[in-house]
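Observations on the three-dimensional arrangement
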Amino acid sequence: MGFRILGMVRQASFSAAKETRKGIEVPKGHLAVYVGDKMRRFVIPVSFLNKPSFQQLLSQAEEEFGFDHPTGGLTIPCTEDEFLNLTSLE
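Residues numbered from 1 in each chain as written. Predicted model: local features only at pLDDT ≥ 70, side-chain atom pairs only at ≥ 80, totals over all residues. Heavy atoms only, no water.

An unreviewed UniProt entry lists the chain under the name Small auxin up regulated protein, with Sphenostylis stenocarpa as the source organism.

Dropping the structure here:
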């Protein structure tokens, strides 16, 4: 498994993101999330939304941010290391 980090690929990429005038486009079947203190952007498959461990992160995001995410995208309240460990297990 893999994921995209701000245009850099870690492990195998799930899908290539295209550059557009508006920034990096999120491929169909994926979503952008922002993680950690530096709000690093990850593009992940929507299938992660069904994983119990990811559901737990979504509940924490709802408690902390409600539906008002400062980045304009889904903000996940954990460190980058925690997120990388979680996504590598899925």
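All right, on to the packing of aromatic side chains then. Aromatic ring pairs are reported here in terms of the distance separating the ring centres and the angle at which the planes meet. Applying the stated criterion to the full structure yields three aromatic pairs. With a centroid separation of 4.8 Å and an interplanar angle of 50°, the aromatic rings of phenylalanine 42 and phenylalanine 83 are classed as tilted. Of this pair, phenylalanine 42 sits in strand E6 (residues 40–45) while phenylalanine 83 sits in helix H2 (residues 80–89), placing them 41 residues apart in sequence. Owing to a relative accessible area of 0%, phenylalanine 42 belongs among the buried residues under this scheme. Judged by relative accessible area, which is 0%, phenylalanine 83 ranks as buried. Through a chain of ring-to-ring contacts, the aromatic side chains of Phe42, Phe48, Phe54 and Phe83 assemble into a single cluster. (Phe/Tyr/Trp six-rings, centres within 6.5 Å; stacked < 30°, edge-to-face > 60°. Helix = DSSP H or I, 4+ residues; strand = E, 2+ residues; numbered from the N terminus. Buried < 20%, exposed > 50% of the residue type's maximum accessible area, 1.4 Å probe, protein only.)

Core analysis: the largest hydrophobic core is formed by 13 residues, its most contacted members being Val33, Ile44, Phe54, Ile76 and Phe83. Mapped onto this core, the elements with two or more residues apiece are strand E5 (30–35), E6, helix H1 (52–65) and H2. Ignoring anything within four residues of it in the chain, the contact list for isoleucine 76 reads Val33, Tyr34, Val35, Gly36, Phe54, Leu57, Leu58 and Phe83. (Core = buried A, V, L, I, M, F, W, Y, C linked by side-chain atoms within 4.5 Å. Contact = heavy atoms within 4.5 Å.)

Turning our eyes to something else, we now look at H1. Compared with an ideal rise of 1.5 Å per residue, which puts 14 residues at 20 Å, H1 spans 20 Å between its outermost C-alpha atoms and is within 8% of the ideal. Among all positions of H1, only Phe54, Leu57, Ala61 and Phe65 are buried. Buried residues of H1, seen end-on, are gathered within an arc of 55° and therefore sit on one face of the element. What points out from H1, more than 90 degrees from its buried face, is the exposed set Pro52, Gln56 and Glu63. Looking at the packing, one finds that the buried side of H1 touches E6, strand E7 (74–76) and H2. (Expected span 1.5 Å × (residues − 1). Arc of directions from axis to C-beta.)

This part takes up the pairing of E6. With five of its six residues buried, E6 lies for the most part within the structure. As judged from the six bridges shared by E5 and E6, these two strands associate in the antiparallel manner. When the sheet's bridge partners are listed, tyrosine 34 is paired in E6 with arginine 41. As consecutive antiparallel partners, E5 and E6 are separated by four residues, and within that stretch glycine 36 has a phi angle of approximately 85°, a positive value. (Pairing = 2+ DSSP bridges.)

Quick look at H2 now. Of the residues making up H2, those classed as buried are Glu80, Phe83, Leu84, Leu86 and Thr87. On an axial view of H2, the arc spanned by its buried residues comes to 165°, and they lie on one face. Exposed side of H2, more than 90 degrees from the buried face: Asp81 and Leu89 are the residues found there.

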